[in-house]
Amino acid sequence: MATEAIAAARPAMSLFERYLSLWVALCIVVGIALGAAVPDLFAVIASAEVARVNLPVAVLIWLMIIPMLLKIDFGALGQVRQHMRGVGVTLFINWAVKPFSMALLGTVFIGWLFRPLLPADQIESYIAGLILLAAAPCTAMVFVWSNLCEGEPHYTLSQVALNDLIMVFAFAPLVGLLLGVASITVPWETLLLSVVLYIVVPVVIAQAIRRASLRAGGQPALDQLLKRVGPISLVALLTTLVLLFGFQGEQILEQPLVILLLAVPILIQVYFNAGLAYWLSRRFGVAWCVAAPAALIGASNFFELAVAAAISIFGLQSGAALATVVGVLVEVPVMLSVVALVKRTKGWYDEEATA
């Protein structure tokens, strides 16, 4: 079982994943061009809603999230106690620091410093999107980051499983609290529906498929399944982004600085939370092989869930949806830079930890 857990926790980063930001940038161009060329088609897609849930986008988001959740083994929760200090640091960053620091950064930068440069009617929506982005810890890409920095695989697996379990119960109350603090109206029914649709149901479906695959052919069968469905997840993500930018195209063309300005608080919070997690790990005597993925888990976001929730709560054409998409755009290059930083500072970390 230990060997299976290690195999599951150490996937290689595909060429497609490594250049995800490039594909996202291409989706921006394609989405804006299609939005201008066939606006009637996008109007039809936008009208396909039931209870404020856009059905085409909902299907795409399920195709995006479920393959990623197949990697999660909730049986790994039993290993949490083996790395209690590292787990404690990451839980503190993920649930007590990151969402609140993003709410503060969003208010300061978007609500104050950059306000004159942004559309006045979208300010609150941008802040809400940033809060949604930071309120859920990353699920799938964390395995890639941990693999690249040679992190302890059992810690990564157990930490992600624990975060997913907490997210089922904590995401809606935390988002509701922070939106309320930011004086943004909280549509509780839509928020709770988003949690059920994009967390609870995908987790249940993914775990059922995972267990059936393991029963049928063990870990090799699951690995083969993950290899087949991985591209589906990424294609669904990119298709969703084309739709989003198709709806947002006119606003982006009128305000080309919007994406750059939204990236500023995202960049600050990533480096701040990664640095804080890394420093706290050293202070508590956590081994580097746990501290490195702890910094990455503490900094990265479950942007697929953020995109889904923003669309459900605020709509396809909202500033919140655009803000979460900017998170996708900057995620890969920024997290790769964090991987490089923790690897380059391993000698310093080990010297300080043993001093």
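Scroll up to find the structure.
Predicted model, so just to flag it, every value in this text is computed and none were measured.

1. Comments concerning the overall build of the chain
Point 1. The number of helices and strands found in the chain is 15 helices and 2 strands.
Point 2. Relative to the globule expectation of 20 Å for 355 residues, the C-alpha radius of gyration of the chain, 20 Å, shows essentially globular dimensions.
Point 3. Seen along its three principal axes, the alpha-carbon backbone of the chain occupies a region of about 60 × 50 × 35 Å.
Point 4. Out of the 355 residues in the chain, the part that is buried amounts to 58%.
Point 5. Contacts spanning at least 24 positions in sequence make up 86% of the contacts within the chain whose residues lie at least 6 apart.
Point 6. For the chain, the accessible surface area stands at approximately 14,300 Å², while carbon and sulfur atoms represent 69% of it.

2. Quick word on the environment of Thr240
Point 1. Mapped onto the fold, Thr240 is located in helix α10 (residues 188–254).
Point 2. Judged by its relative accessible area of 1%, Thr240 falls in the buried class.
Point 3. Along the backbone, Thr240 and Val57 are 183 residues apart, and their C-alpha atoms lie at a distance of 6.5 Å.
Point 4. Here Thr240 is in contact with Val57, Leu60, Met64, Val307 and Ile311, once residues within four sequence places are set aside.
Point 5. In this structure the side chain of Thr240 is engaged in a polar contact, spanning 2.8 Å, whose partner is the backbone oxygen of Ala236.

3. Quick look at helix α14 (residues 319–344)
The α-helix winds at 3.6 residues per turn, so residues separated by three or four positions along the chain end up facing the same way.
Point 1. For α14, built from 26 residues, the straight-helix expectation of 38 Å at 1.5 Å per residue is met to within 8% by its first-to-last C-alpha distance of 37 Å.
Point 2. At Glu331, α14 shows its largest bend, some 45°, and a proline, Pro333, comes one to four positions later.
Point 3. The buried count for α14 comes to 19 of 26 residues, which makes it a mostly enclosed element.

4. So, the nonpolar core
Point 1. Judged by nonpolar contacts, the single largest core of 129 residues is most densely connected at Ile110, Phe171, Leu241 and Phe245.
Point 2. With 21 residues, the single largest contributor to this core is α10.
Point 3. Apart from residues no more than four positions distant in its own chain, Leu241 is found in contact with Val24, Cys27, Val325 and Val328.
Point 4. Counting 5 residues, the second largest nonpolar core, distinct from the first, contains Ile93, Val97, Ala277 and Leu280.

5. Here we look at the side chain of Gln207
Point 1. Tracing the sequence through the fold places Gln207 in helix α10.
Point 2. A residue is classified by how much of its surface remains accessible, and Gln207, at 11% relative accessible area, is buried.
Point 3. Among residues more than four places away in sequence, those in contact with Gln207 are Leu69, Ile72 and Phe74.

6. Concerning a nonpolar patch on the surface
Point 1. Among the surface-exposed residues, Val30, Leu34, Val38 and Leu41 lie close enough to one another that they form a single nonpolar patch of about 290 Å² accessible area.
Point 2. Considering the arrangement of structural elements, one finds Leu41 in helix α4 (residues 39–47).
Point 3. Judged by its relative accessible area of 48%, Leu41 falls in the partly exposed class.

7. Focus on unusual backbone geometry
Point 1. The phi dihedral of Glu150 falls on the positive side, at around 60°, and the residue is not glycine.
Point 2. With respect to the element layout, Glu150 can be found in the loop between α8 (141–148) and α9 (153–181).

8. Description of the side chain of His83
Point 1. Mapped onto the elements of the fold, His83 is located in the loop between α5 (55–69) and α6 (84–113).
Point 2. The buried category is assigned to His83, whose relative accessible area is 17%.
Point 3. Sequence-distant contacts of His83, defined by excluding residues within four places in its chain, comprise Glu152, His154, Tyr155 and Val290.

9. Some points on the packing of α6 against helix α12 (residues 288–299)
Point 1. With their axes 9 Å apart at the nearest point, α6 and α12 run at an angle of 15° to one another. Classified by the angle between their axes, α6 and α12 sit roughly parallel to one another. Considering how the two elements wind past one another, α6 and α12 form a crossing that is right-handed. When α6 is examined against α12, the residues Gly86, Thr90, Ile93, Asn94 and Lys98 are found in contact with a partner set consisting of Val290, Ala294, Ile297, Gly298 and Ala299.

Here is what the cut-offs are and how they apply
Residues numbered from 1 in each chain as written. Predicted model: local features only at pLDDT ≥ 70, side-chain atom pairs only at ≥ 80, totals over all residues. Heavy atoms only, no water. Helix = DSSP H or I, 4+ residues; strand = E, 2+ residues; numbered from the N terminus. Rg over C-alpha atoms; globule rule 2.2 N^0.38 Å. Buried < 20%, exposed > 50% of the residue type's maximum accessible area, 1.4 Å probe, protein only. Contact = heavy atoms within 4.5 Å. Areas by Shrake-Rupley, 256 points an atom, 1.4 Å probe, with all protein chains shown as cover. Polar contact = N/O pair within 3.5 Å; in protein donor to acceptor, adjacent residues only side chain to side chain. Expected span 1.5 Å × (residues − 1). Bend = angle between axes of the 7 residues up to and from the residue. Core = buried A, V, L, I, M, F, W, Y, C linked by side-chain atoms within 4.5 Å. Patch = residues over 30% accessible without salt bridge, like charges linked within 9 Å, V, L, I, M, F, W, Y side chains within 5 Å. Salt bridge = Lys/Arg side-chain N within 4 Å of Asp/Glu carboxyl O. Axes fitted to C-alpha atoms, helices over the stretch in contact; angles between N-to-C directions. Parallel < 35°, antiparallel > 145°, perpendicular 65-115°, else oblique. Left-handed = near helix turned anticlockwise from the far one by under 90°.

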